[in-house]
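Each chain is listed here by its residues.
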Amino acid sequence: AAPGYGKVFAMNCVSQSIAAESSSPPRRWSARLNLIFAQARERTELRHCEHQGPLRVQRLFHPPGEACAHCYLLHPPGGVVLGDELEIDVALRSGRALLTTPSAGRFYGVGNYREAQRQTLRLTVAGGRLEWLPQETIVFPGANALLDTHIELAPDASLAFWDVLVLGRPASGLTFDRGCLRQRLQVQQNGQPLLVERMDCEAQARFMEARGGLNGCSTVGVALFTAAPPQELLTSWHQTWEERDRDGAYALSQRGELLIARYLGEHALRCREAFSDLWQRVATLENGARPCVPRIWHT
């Protein structure tokens, strides 16, 4: 990492009116989605789509003049309750695919049950460029969320990835005063680990307020890019967002060819805007043209 980037920090419908006490356990709702993308002539196509339960995708969108496929992941229930499990497998064989969501994901807290809500995400990039750019995930008080992400890259594969987590509903004054979030993130290339991280957020734990933890903040984000942009680009991005969002903390680091951007603060929207800005800068450098931003982000 360049000088100035030395800041270190660790960093889904149900109604909220559901009674806190219940004599019967909540219904478990499992959902699975398996997608395979590959280049077909001049654009990327969805070669395989298999789903079980309430996970769907809309038809692909191909922005004018681009071979990239835009795919929107839908979870009709709108939220994950205790005992639910989501399992998503995405493989890119060749070409370029961008996956995003139409709204924030939500992990709700229901009753006193301590069953885990699980989301397992597996991304496999055998060739081409995969971009996983969802909207933020909100973890409500009382949730017991386990988020497990595994990314496997071939030697010449390209990746853009971000994950933005919000603990509680800070804009509504709803703090994360009970519950637990456990996050696991692992990135491998050619079988070798590039990044292995874990974050355990237990309400009321010292980590939530410690300067070496979340420092009392509600929003934490990480973005990954398999690219090594010029230092001038990184310096410009960092300075821009440090000035634009003085309440948030931004950091950049690099491990080999893996660029890692981080955010810690109170504003999920600003975090996503900053990550989107960096994504566009890196993609422009890599492809020679500014990427088309998903239309769903403007609705």
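Residues numbered from 1 in each chain as written. Predicted model: local features only at pLDDT ≥ 70, side-chain atom pairs only at ≥ 80, totals over all residues. Heavy atoms only, no water.

I would appreciate a short explanation of the overall build of the protein chain in the present structure.
Secondary structure assignment for the protein chain yields two helices and 17 strands. Per-residue burial over the protein chain gives 52% buried out of 299 residues. When the accessible area of the protein chain is evaluated, it comes to approximately 14000 Å², of which 47% is carbon and sulfur surface. (Helix = DSSP H or I, 4+ residues; strand = E, 2+ residues; numbered from the N terminus. Buried < 20%, exposed > 50% of the residue type's maximum accessible area, 1.4 Å probe, protein only. Areas by Shrake-Rupley, 256 points an atom, 1.4 Å probe, with all protein chains shown as cover.)

Would you mind showing me how to read helix H2 (residues 268-287) here?
Side chains of residues three or four places apart in an α-helix project in the same direction, reflecting 3.6 residues per turn. The terminal C-alpha atoms of H2, which comprises 20 residues, lie 28 Å apart, in line with the 28 Å expected from a rise of 1.5 Å per residue. Gly288, located one to two residues past H2, shows a positive phi value of around 80°. (Expected span 1.5 Å × (residues − 1).)

I would appreciate a short explanation of the packing of helix H1 (residues 231-244) against H2 in the present structure.
For any two helices packed against each other, the geometry comes down to the angle between their axes and how far apart the axes lie. At a minimum axis distance of 11 Å, the contact between H1 and H2 shows a crossing angle of 160°. The angle between H1 and H2 falls in the class roughly antiparallel. Judged by the twist between their axes, the crossing of H1 over H2 is right-handed. On H2, the residues that touch Leu233, Leu234, Ser236, Trp237, Thr240 and Trp241 of H1 are Arg270, Glu273, Ala274, Asp277, Leu278 and Arg281. By residue class, the composition of the contact of H1 with H2 is six nonpolar, two polar and four charged. (Axes fitted to C-alpha atoms, helices over the stretch in contact; angles between N-to-C directions. Parallel < 35°, antiparallel > 145°, perpendicular 65-115°, else oblique. Left-handed = near helix turned anticlockwise from the far one by under 90°. Contact = heavy atoms within 4.5 Å. Nonpolar A, V, L, I, M, F, W, Y, C, P; charged D, E, K, R; others polar.)

Quick question: what am I supposed to make of the confidence of the model for the protein chain here?
Should pLDDT be low for a region, the predicted coordinates there are not to be read in detail. Summary statistics for the protein chain give a mean pLDDT of 87 and a share of 89% for residues scoring 70 or more. Note that residues 1-24 has pLDDT below 50 and, in this model, 56 contacts with residues that lie over four places away or in other chains. (pLDDT = per-residue confidence, 0-100.)

For this particular structure, what's the right way to read the packing of aromatic side chains?
One pass over the structure, following the stated rule, counts eight aromatic pairs. Ring centres of Tyr108 and Phe140 lie 4.6 Å apart, and the angle between their planes is 40°; on these two criteria the pair is classed as tilted. Note that Tyr108 is positioned in the loop between strand E7 (105-107) and strand E8 (117-125) and Phe140 in the loop between strand E10 (137-139) and strand E11 (144-153), a separation of 32 residues in sequence. The exposure class of Tyr108 is buried, given its relative accessible area of 7%. Seen from their ring centres, Trp237 and Tyr250 are 5.9 Å apart, and the 90° between their planes marks the pair as edge-to-face. Of this pair, Trp237 sits in helix H1 while Tyr250 sits in strand E16 (residues 249-255), placing them 13 residues apart in sequence. Of the two residues, Trp237 and Tyr250, both sit in the buried class. Grouped by ring-pair contacts, the aromatic residues Trp162, Phe275, Trp279 and Trp297 constitute a single cluster. Here the guanidinium or amino end of Arg244 rests over the ring plane of Trp241, the centre of that ring lying 4.5 Å away. (Phe/Tyr/Trp six-rings, centres within 6.5 Å; stacked < 30°, edge-to-face > 60°. Lys NZ or Arg CZ within 6 Å of the ring centre and 35° of its normal.)

Which parts of the structure should I look at to understand the sheet that holds E11?
Whenever strands of a sheet pair, they do so through backbone hydrogen bonds, lying parallel or antiparallel. The strand order across the open sheet built from seven strands is E2-E1-E5-E8-E11-E13-E14, with neighbouring strands paired in mixed fashion. Both outer strands of the open sheet, strand E2 (43-52) and strand E14 (192-202), are each paired with one neighbouring strand and no more. The sheet shows a mean angle of 10° between the axes of neighbouring strands, taken without regard to direction. Here 10 bridges tie strand E13 (residues 180-189) to E14, and the two strands are oriented antiparallel to one another. If you follow Leu181 over to E14, its bridge partner there is Cys201. (Pairing = 2+ DSSP bridges.)

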